[in-house]
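Commentary on secondary and tertiary structure
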Amino acid sequence: MVKITMIARVTDGLPLAEGLDDGRDVNDAEFYKQQVKALFKNLSKGQNEPSRMSIETGPYIFHYIIEGRVCYLTMCDRAYPKKLAFQYLEDLKNEFERVNGAQIETAARPYAFIKFDTFIQKTKKLYQDTRTQRNIAKLNDELYEVHQIMTRNVQEVLGVGEKLDQVSEMSSRLTSESRIYADKARDLNRQALIRKWAPVAVVLGVVFLLFWVKSKLW
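Residues numbered from 1 in each chain as written. Predicted model: local features only at pLDDT ≥ 70, side-chain atom pairs only at ≥ 80, totals over all residues. Heavy atoms only, no water.

Annotation of the protein chain in UniProt includes, under Sequence similarities (unreviewed entry), the sentence "Belongs to the synaptobrevin family." (UniProt positions renumbered as here; feature names shortened; annotations may be inferred.)

Structure below.
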């Protein structure tokens, strides 16, 4: 299953979007998110990494694609089909470029595109069950091949001899950014509910007022 989804700008490692509900069923989710941040940091240093790669980490595996100076990354169970993982990322990439392409280079703060979480969650649900007819068809699509995509170990990618306790220095900043991201997403959801139900409340209020006035007159 798809566990974590993160999108970042390659030039400086700035996180642009993230699945808001991701990692809730993953032990040490913050640890794996720290690894993702370290990978983004490596890419921002100009590391000559392939545009598509799979990276093993514990019981999971990271898959990522880089296109248009943006890295789209997901963490899945090792048993989850590699082909579906990369097609999931392709769907995210296409929509993200369509909606936010013109603003990617000018984004100045972390998680500037928090609204994209809605599309991430919707798309992730489509890919969770590998047995649906839709996903079986994707697995059988011979035009989309992933056999040549390299698979490496996370320690190897982060650098020979680099200890994970060095990566954990990023924990406090990641936690702070995630909290800000969650707060903004909740505000957006609250605003959406207000816009949806405010007209209904106004209409009911007017109707109630009319009945009250009518009862007083009679």
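So, the confidence of the model for the protein chain
When the pLDDT values of the protein chain are averaged, the result is 84; 86% of them are 70 or greater. Under a pLDDT of 50 for its full length, residues 160-165 has, in the predicted model, seven contacts with residues more than four places off or in other chains. (pLDDT = per-residue confidence, 0-100. Contact = heavy atoms within 4.5 Å.)

Examining the sheet that holds strand β6 (residues 150-153)
One open sheet holds the six strands; their spatial order is β2-β1-β5-β4-β3-β6, and the pairing between them is mixed. The sheet is open, and its two edges are formed by β2 (15-18) and β6, each paired on a single side. Taking the axes of each pair of neighbouring strands and ignoring which way they run, one obtains an average angle of 20 degrees across the sheet. Most of the contacts of helix α2 (residues 82-100) go to strand β4 (residues 60-67), to which it runs at about 40 degrees, and overall it touches β1 (2-9), β2, β3 (52-57), β4, β5 (70-77) and β6. The strands that helix α3 (residues 117-128) touches are β1 and β2; relative to β1, the one it contacts most, it runs at about 140 degrees. (Pairing = 2+ DSSP bridges. Helix = DSSP H or I, 4+ residues; strand = E, 2+ residues; numbered from the N terminus. Axes fitted to C-alpha atoms, helices over the stretch in contact; angles between N-to-C directions.)

Section: unusual backbone geometry
Phi at D28 takes a positive value of approximately 60 degrees, unusual for a residue other than glycine. With respect to the secondary-structure elements, D28 resides in the loop between β2 and α1 (29-44). Given a relative accessible area of 57%, D28 falls into the exposed group. Even without being a glycine, R69 presents a positive backbone phi close to 65 degrees. Turning to its location among the elements, R69 is positioned in the loop between β4 and β5. Residue classification places R69 among the exposed residues on the basis of a relative accessible area of 52%. (Buried < 20%, exposed > 50% of the residue type's maximum accessible area, 1.4 Å probe, protein only.)

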